[in-house]
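Examining the three-dimensional arrangement
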Protein chains: 2
Amino acid sequence: MKRIMLIVAYDGTNYSGWQVQPCADTIEGRLNRALTELLRENITVIGASRTDAGVHSMGNVAVFDTESPIPAERIALAVNARLPGDIIVQKSLEVGGDFHPRKCDCVKTYEYRIFTGRMENPQLARYTWHRYGTLDIEAMRRAGQFLTGEHDFTSFCAVASDAESKVRTIYSVEVERDRDLVLIRVRGNGFLYNMVRIIAGTLLFVGIGRIKPEDIPHILEGRDRRLAGTTAPAKGLTQLGIIYINETGKGAEFCQGT
Amino acid sequence: MKRIMLIVAYDGTNYSGWQVQPCADTIEGRLNRALTELLRENITVIGASRTDAGVHSMGNVAVFDTESPIPAERIALAVNARLPGDIIVQKSLEVGGDFHPRKCDCVKTYEYRIFTGRMENPQLARYTWHRYGTLDIEAMRRAGQFLTGEHDFTSFCAVASDAESKVRTIYSVEVERDRDLVLIRVRGNGFLYNMVRIIAGTLLFVGIGRIKPEDIPHILEGRDRRLAGTTAPAKGLTQLGIIYINETGKGAEFCQGT
């Protein structure tokens, strides 16, 4: 018996998110089915991030146990042949039998993309939120500074969340502009339900002057979802990757694009 | 009666190319139908570049005549409401009644994208050719230099072409790398059937060492399609835009992303 880790990239447009649900097409469901067929064992993966419907990833992590003699690193190509073209395993490797992708210390990186051109760009439409008009990038950066560090992020969490603690640590918030594209890159040790999308929506409000950067500390202190900005749409969000910190020497390898 | 120019962007994945064909879904067909509905006149557009099935554009040009009182610049938004999300008119403007998009001097810019990572990237797969492995960018640039200028491009033209003259002028060939993405940008006054895709396939052969940059002059002189490299797949090709040279003062406005 060995434990295999997969780095999984996907275009989330056509899926009802990561997590298996009855009567819905999900990333996890597709992986379970393809691996079960390939390895002729009943496989159920454990995912690191249960991304929402429409959210994309360049490097989500899934693990499963198998008795198969297929070398770990060859599973990626073999399983890709049984997956649709919008779910692509980037890499497969053996990990320790006690490794659990949601219980180990890690840095997760998400990128939220806003397209600010007048008319939507058909090659970016699936991966961006279209908001026409100039954004104040400097103000957005200052707001991002107020979000970094350890905070209670209740104001940046969907009300439906049942997470026990709303305290998380954000390591960095970067805001960059590349012509009509504004990129918000957020690194943290974990995120609450809809947290990155609420951060993106709040920074958008800062960018159009509806929230001031200096309001962010009060929004955090208020611990009330209604104080923050809108929840930005799922399609603009891409998980770039996950780095596991204590997996000796392997951390960098787990990560895509971060 | 006035003549309207449209700058049209599209993701060509789901279409049988630009040109209207019986029983096929085409960009031109979609535009004709949407404009005919919107303006309540029988509209047939004239396109600048009749791009192949699967080829994308950020700024193809189409013109048509109309009696409609709708201001020219408002047609873009109005027609977008009647077009699918993968065809987006970027701009509409009135032009002179004698302007013909295939008979005026212009600079057309195309970009061919090769993704060289080991596993395909789901967000780039629709817009890139996946070829795993390192490419010799410097050699590709040197080969591109040999292609610039006025040449008989018979060796870089699909045999099926019935163009009378195979002489065209290429103004520049740029090759850039951005991590696993290799971009080939070609500017010219016009291109033969499949010409940019054969240039891209030939530069790929140069990048993997199968053709030497110094072979390019002989390939041109040979005037034989079999001397050049493969025809790169359509999905990696995006027309970036068209600049019309003699349309006084308007040239820059016609262009997207060039």
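Residues numbered from 1 in each chain as written. Chains lettered and ligands numbered in written order. Predicted model: local features only at pLDDT ≥ 70, side-chain atom pairs only at ≥ 80, totals over all residues.

Before going further, it helps to spend a moment on the overall build of chain A. Along the backbone of chain A there are five helices and 10 strands. For chain A, the spread of C-alpha atoms along the three principal axes comes to 60 × 40 × 35 Å. A burial count over chain A gives 43% of its 258 residues as buried. Across chain A, contacts joining residues at least 24 apart in sequence account for 68% of those joining residues at least 6 apart. (Helix = DSSP H or I, 4+ residues; strand = E, 2+ residues; numbered from the N terminus. Buried ≥ 20, exposed ≤ 12 C-beta atoms within 10 Å, placed from the backbone. Contact = placed C-beta atoms within 7 Å.)

So, on to the packing of helix α3 (residues 137-147) of chain B against helix α4 (residues 195-207) of chain B. Residue and element names in this part refer to chain B. Two elements in contact, α3 and α4, have axes whose closest approach is 8 Å; the angle formed by their N-to-C orientations is 140°. One element, α3, and the other, α4, form an angle in the oblique class. At the point where α3 passes α4, the crossing takes the right-handed sense. In contact with Ala139, Met140, Ala143, Gly144 and Leu147 of α3, α4 contributes Ile199, Leu203, Val206 and Gly207. By residue class, the composition of the contact of α3 with α4 is seven nonpolar, two polar and no charged. (Axes fitted to C-alpha atoms, helices over the stretch in contact; angles between N-to-C directions. Parallel < 35°, antiparallel > 145°, perpendicular 65-115°, else oblique. Left-handed = near helix turned anticlockwise from the far one by under 90°. Nonpolar A, V, L, I, M, F, W, Y, C, P; charged D, E, K, R; others polar.)

Here we take up the interface of chain B and chain A. In many analyses, interface size is given as the accessible surface area lost on bringing the parts together. Of the residues lining the interface, 17 residues belong to chain B; the matching set on chain A comes to 17 residues. For the side of chain B that touches chain A, the secondary structure elements donating two or more residues are β1 (2-10) and β4 (87-95) of chain B. Of all the elements, β4 of chain B adds the most residues to the side of chain B that touches chain A, at three residues. Along the lines of polarity and charge, the residues of the side of chain B that touches chain A split into nine nonpolar, five polar and three charged.

With that settled, the discussion passes to α3 of chain B. All names here are of chain B. Every buried residue of α3 is accounted for by Met140, Ala143, Gly144 and Leu147. On an axial view of α3, the arc spanned by its buried residues comes to 105°, and they lie on one face. Opposite the packed face of α3, turned more than 90 degrees from it, sit the exposed residues Glu138 and Gln145. Positive phi appears at glycine 149, one or two residues downstream of α3, with a value of about 105°. (Arc of directions from axis to C-beta.)

A word on the relation of the copies chain B and chain A. Aligned on chain A, chain B shows an RMSD of 0.0 Å; the corresponding rotation is 180° and the shift along the axis is 0.0 Å. What the rotation and shift describe, once combined, is the action of a two-fold rotation axis. (Least-squares fit on C-alpha atoms with pLDDT ≥ 70 in both.)

Let us look at the pairing of strand β10 (residues 237-244) of chain B. Residues and elements named next belong to chain B. In terms of residue burial, β10 counts as a mostly covered element, since eight of its eight residues are buried. Relative to β10, strand β3 (residues 56-66) runs parallel, the two sharing two bridges. From the neighbouring strand, histidine 56 faces β10, where its bridge partner is threonine 238. Looking at chain direction, strand β5 (residues 106-115) and β10 are connected through seven bridges and run antiparallel. Each bridged residue has a counterpart across the sheet, and for tyrosine 112 the counterpart in β10 is leucine 237. (Pairing = 2+ DSSP bridges.)

On to helix α1 (residues 27-39) of chain A. Residue and element names in this part refer to chain A. Between its first and last C-alpha, α1 extends 18 Å over 13 residues, near the 18 Å set by a 1.5 Å rise per residue. Restricting attention to buried positions, one finds in α1 the residues Ile27, Glu28, Arg30, Leu31, Ala34 and Leu35. Buried residues of α1 fall within an arc of 160° about the axis and therefore sit on the same side. Lining the buried residues of α1 we find β1 (2-10), β2 (46-47), β3 (56-66), α2 (75-80) and β4 (87-95). Phi turns positive one or two residues past the end of α1, at arginine 40, with a value near 55°. (Expected span 1.5 Å × (residues − 1).)

Once that is clear, we can look at the domain arrangement of chain A. Residues and elements named next belong to chain A. Assigned domains of chain A: these are domain 1 (2-103) and domain 2 (106-239). Each of domain 1 and domain 2 was reduced to a C-alpha centroid, and the two centroids are 27 Å apart. Taken together, the residues of the side of domain 1 that touches domain 2 break down into three nonpolar, eight polar and two charged. (Domains from an automatic or database assignment.)

To continue, consider the environment of tyrosine 132 of chain B. Residues and elements named next belong to chain B. Tracing the chain through its elements places tyrosine 132 in the loop between β6 (129-130) and α3. Judged by local crowding, tyrosine 132 falls into the exposed class, with 11 C-beta atoms found within 10 Å. Through-space distance from the C-alpha of tyrosine 132 to that of isoleucine 114 is 9.1 Å; in sequence the pair is 18 residues apart.

Attention now goes to unusual backbone geometry. We note that arginine 223 of chain A has phi near 50°; this positive angle belongs to a residue other than glycine. Structurally, arginine 223 of chain A can be placed in the loop between α5 (216-222) and β10 (237-244).

Residue and element names in this part refer to chain A. For chain A, the mean per-residue pLDDT works out to 94, and 95% of the residues sit at or above 70. Low pLDDT, under 50, characterises residues 251-258; the stretch is placed with 27 contacts to residues that sit more than four places away or in other chains. Confidence metrics for the complex model read pTM 0.91 and ipTM 0.87. (pLDDT = per-residue confidence, 0-100.)

Residues and elements named next belong to chain B. Position of histidine 130 among the secondary structure elements: in strand β6. For the pair histidine 130 and arginine 74, spaced 56 residues apart in sequence, the C-alpha separation works out to 39 Å. Setting aside residues no more than four positions away along its own chain, histidine 130 makes contact with Phe115, Glu120 and Ala125.

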